[in-house]
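This is what each chain is made of:
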Amino acid sequence: MTDSSDIFDRAAVRRHRTRAARTVAEVAPVLEDVADRLLDRATETTRHFSAALDIGGRGIIAPRLRAMGIPTLAMDLSIEMAALSGAPYLAADEELLPFAPGSFDLVVANLSLHWVNDLPGALIQIRRAMKPDGLLLASLPLLGTLDELRRALTEAESDLRGGVSPRISPFPELRDLAGLLQRAGFTSPVADQEEIELLYGNPLALLRDLQAAGERNAIRQRSHTAAPAALFPSALMRMPTNDEGRLRVTLKLGLMTAWSSPGA
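Values in this document were obtained by computation on a predicted structure and should not be read as measured data.

## A look at the sheet that holds strand β1 (residues 52-55)
- The strand order β3-β2-β1-β4-β5-β7-β6 describes an open sheet built from 7 strands, whose pairing is mixed. Only two strands of the sheet have a single neighbouring strand rather than two, namely β3 (89-91) and β6 (186-200). In this sheet, adjacent strand axes meet at a mean angle of 15 degrees when their direction is disregarded.
- Contacts between helix α5 (residues 119-128) and the sheet are confined to β1, β4 (104-110), β5 (130-141), β6 and β7 (247-260), with β5 contributing the most and set at about 145 degrees to the helix.

## Considerations on helix α1 (residues 10-20)
- Arg10, Ala12, Val13, His16, Arg17 and Ala20 are the residues of α1 that are buried. The buried residues of α1 all sit within an arc of 155 degrees when viewed along its axis, so they share a single face.
- A distance of 3.1 Å separates the backbone nitrogen of alanine 11 from a side-chain oxygen at the start of α1, and that oxygen is part of aspartate 9.

## Some words on the pairing of β7
- Burial within β7 is extensive, with 11 of its 14 residues counted as buried.
- Taken together, the 7 bridges between β5 and β7 define a ladder with antiparallel strand orientation. Of the residues in β7, the one forming a bridge with leucine 136 is alanine 258.

## Structural notes on the packing of α5 against helix α7 (residues 174-183)
- Interhelical geometry of α5 versus α7 gives an angle of 50 degrees and a closest axis separation of 9 Å. When the interaxial angle is binned, α5 and α7 end up oblique. Considering only the axes of α5 and α7, their crossing is right-handed. Contacts between α5 and α7 involve Leu119, Pro120 and Leu123 from the first element and Leu180, Leu181 and Arg183 from the second.
- Looking at the contact of α5 with α7, its residues break down into 5 nonpolar, no polar and 1 charged.

## Here we look at the pattern of salt bridges
- Scanning all chains against the criterion turns up 12 salt bridges.
- Note that glutamate 215 and arginine 58 form a salt bridge whose closest N and O atoms lie 2.8 Å from each other. Pair noted here: glutamate 215 is in the loop between α8 (203-212) and α9 (231-237) and arginine 58 is in the loop between β1 and α3 (61-67), with a separation of 157 residues, a long-range link.
- When its relative accessible area of 6% is taken as the criterion, arginine 58 is described as buried.

Reading the values: rules and limits
- Residues numbered from 1 in each chain as written.
- Predicted model: local features only at pLDDT ≥ 70, side-chain atom pairs only at ≥ 80, totals over all residues.
- Heavy atoms only, no water.
- Pairing = 2+ DSSP bridges.
- Helix = DSSP H or I, 4+ residues; strand = E, 2+ residues; numbered from the N terminus.
- Axes fitted to C-alpha atoms, helices over the stretch in contact; angles between N-to-C directions.
- Contact = heavy atoms within 4.5 Å.
- Buried < 20%, exposed > 50% of the residue type's maximum accessible area, 1.4 Å probe, protein only.
- Arc of directions from axis to C-beta.
- Polar contact = N/O pair within 3.5 Å; in protein donor to acceptor, adjacent residues only side chain to side chain.
- Parallel < 35°, antiparallel > 145°, perpendicular 65-115°, else oblique.
- Left-handed = near helix turned anticlockwise from the far one by under 90°.
- Nonpolar A, V, L, I, M, F, W, Y, C, P; charged D, E, K, R; others polar.
- Salt bridge = Lys/Arg side-chain N within 4 Å of Asp/Glu carboxyl O.

Here it is as structure tokens:
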């Protein structure tokens, strides 16, 4: 039985991340860029952290935290992806965290929570796993991310099939993030937006990068029939380019900082 309100096929998310464990190094520069932007916020506090949890860091976050002298447990839905961070690591589900209350004083979720069906519930579980006055750092794509690809795919599939199948994950708006953190019981929530513009000389390289990162379509209502062979080439030809003819893609990032309540 599955909840009809579930947007994402979590089994598919796990499969995609398991496959991507072999290829994610190909997109390391982008992941490292986002990690830098997020972890900069940890250096802005004088707080000393004694136990950190890295949720879905794809081999980037946990090693950096350990290099800062913070004991860190790496967690991912896929055990193969979790292993990229080195020991200690485990496979666990963001929707059902296996940790006792007060286990961590720092939690970092970098580009991992956008595949969660119940984001408010996941944030509540994270907060419960944190010590009082613990710090949460999280990033996720915002509404507008990959809009160029979304529009191009919609137009191309409509022309080829006379209808469309959902292919790009729905993303939250920036204005919603602080409210989600407050609803989950966090204090002093801050949500900022930053943008990364990516340029591709070869249009198909964009699709390869998304697959390499494990960001393949896992929407439950996605079509399970093979896409027309012309769909992606047709869509990519419709995407905007710069003056040099390079494909332009925008990543809109929501960067969140919040503290667990004293006595939580």
